[in-house]
Amino acid sequence: MAEKLPEVAEKSSGRIAFQVMEAYKMIRTNLFFSLATKESHVVVFSSAEPSAGKSTLSANLAIVMAQTGAKVLLIDADMRKPTQHRNFKRSRSTGLSKILGGLATLEETIQKEVKPNVDAILSGPTPPNPSELLGSARMKSLLEEVSKQYDYIFIDMPPLCVVADALVVAPNAAGVILVARQNQTTYDEFGEALEKVENAGINLLGVVMTDMNMVISKYTRYGRYSKYGRYGYGRYGYGRYGYGRYGYGRYGGYGRYGYGRYGSYGGYGRYYQRYEYEYGNK
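Quick notes on the rules
Residues numbered from 1 in each chain as written. Predicted model: local features only at pLDDT ≥ 70, side-chain atom pairs only at ≥ 80, totals over all residues. Heavy atoms only, no water. Helix = DSSP H or I, 4+ residues; strand = E, 2+ residues; numbered from the N terminus. Buried < 20%, exposed > 50% of the residue type's maximum accessible area, 1.4 Å probe, protein only. Contact = heavy atoms within 4.5 Å. Pairing = 2+ DSSP bridges. Polar contact = N/O pair within 3.5 Å; in protein donor to acceptor, adjacent residues only side chain to side chain. Core = buried A, V, L, I, M, F, W, Y, C linked by side-chain atoms within 4.5 Å. Arc of directions from axis to C-beta. Phe/Tyr/Trp six-rings, centres within 6.5 Å; stacked < 30°, edge-to-face > 60°.

A. Inspection of the overall build of the protein chain at higher detail. Within the protein chain, the regular secondary structure consists of ten helices and eight strands. By residue count, 54% of the 282 residues in the protein chain fall in the buried class. Within the protein chain, counting contacts between residues at least 6 apart in sequence, those at least 24 apart form 75% of the total.

Structure below.
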């Protein structure tokens, strides 16, 4: 039986829960392809502004990734405003801040089996200097060590337009996934986040849009599926590398919908492709 996602288990059931699970599986598949040619399987999750959904996404995607049999480590590196300890109902009395401060070892800190095949390093007590700790040699060594033990490492980072923590860690990762929330994230905020990523020479793995309005299609092969859904994703999905330029029609996923390589509904341009889902508020 599929593992229930932390928030969906409480908020959704039936058709909605099924749609959410399928949405995460689709994102998982696209992430598989994105990381297939990369030596590192460390992925940074960030956003332009707070409350876009990055923590929810990283936690649930870790669970879905682990359902394939992969061993996944989730690191809560948002030491200023941590949330993963609440997602998994674990104590953060020890965690990343203590490892990087030399006050604890990895073995003492790691939380085993927060979900099947998912281990976690929680944030630990809030330190006075998170950016300095994340940019330290200890952080680089930690990622090198856990990369030998796990198939995938997901790092939940603070918003890019608030602090520079994600930019400090991302060079040691395969890339970053940016999260945006419909009716919250502004074009200016998102553009600023993209500019920071590009200026730092960081690989953008994709963009996920949360809290999208659900529109039910009357044309469906799989029952009452939402037409676009509440999760969208970009470069690594249906678009530049999926059923777009190289598949069904140069300018779009599935041809007739025309959501092409450069995006057709404003603001987020080439980094933005709409797909469907419901979920999350962190």
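After that view, the rundown keeps rolling.
B. Quick look at the pairing of strand E2 (residues 72-76). The element E2 is largely enclosed, with a buried count of five among its five residues. Where burial is concerned, the two faces of E2 agree: the one with Val72, Leu74 and Asp76 and the one with Leu73 and Ile75 are both buried. Sheet topology note: the E2/strand E4 (residues 118-121) ladder contains four bridges and is parallel. When the sheet's bridge partners are listed, Val72 is paired in E4 with Val118.

C. Structural context of the pairing of strand E6 (residues 175-181). Within E6, seven of the seven residues are buried, leaving the element largely enclosed by the surrounding structure. Side chains Gly175, Ile177, Val179 and Arg181 of E6 all project onto a buried face; the interleaved residues Val176, Leu178 and Ala180 project onto the opposite face, where all are buried too. Relative to E6, strand E1 (residues 42-47) is paired through five bridges, and the arrangement is parallel. Considered in E6, the bridge of Ser46 is made with Leu178. Looking at chain direction, E6 and strand E7 (residues 204-210) are connected through six bridges and run parallel.

D. A look at the side chain of Asn87. Counting through the fold element by element, Asn87 comes out in helix H4 (residues 84-87). Judged by its relative accessible area of 13%, Asn87 falls in the buried class. A polar contact of 2.9 Å, which involves the side chain of Asn87, links it to the side chain of Gln84.

E. Region of interest: unusual backbone geometry. Unusually for a residue other than glycine, Glu113 sits at a positive phi of about 50°. Structurally, Glu113 is set in strand E3 (residues 111-115). Residue classification places Glu113 among the partly exposed positions, given a relative accessible area of 45%. Despite not being glycine, Asn117 shows a phi value in the positive range, around 70°. Residue position: Asn117 is located in the loop between E3 and E4.

F. Inspection of the nonpolar core at higher detail. By size, the foremost hydrophobic cluster in this structure holds 38 residues, and its most contacted members are Val44, Ile75, Leu96, Ile121, Leu134, Ile155 and Leu178. Residues Ile63, Ala70, Val72 and Phe154 belong to the second largest nonpolar core, which totals 31 residues.

G. Expanded view of helix H8 (residues 137-147). Within H8, the full set of buried residues consists of Met139, Leu142, Leu143 and Val146. The buried residues of H8 occupy an angular sector of 95° when projected down its axis, which confines them to one face.

H. Main features of the packing of aromatic side chains. For the coordinates displayed, the defined rule picks out two aromatic pairs. Look at Phe32 and Tyr152: their rings are 6.0 Å apart centre to centre, the planes differ by 50°, and that puts the pair in the tilted class. Placement of Phe32 in helix H2 (residues 14-35) and of Tyr152 in strand E5 (residues 152-156) is noted, with a sequence separation of 120 residues between them. Its relative accessible area of 9% is what places Tyr152 among the buried residues.

I. Layout of the environment of Pro171. Considering the arrangement of structural elements, one finds Pro171 in the loop between helix H9 (165-169) and E6. Look at Pro171 and you get exposed, because its relative accessible area is 54%. Spatially, the C-alpha atom of Pro171 lies 9.7 Å from that of Val44, the residues being 127 residues apart in sequence.

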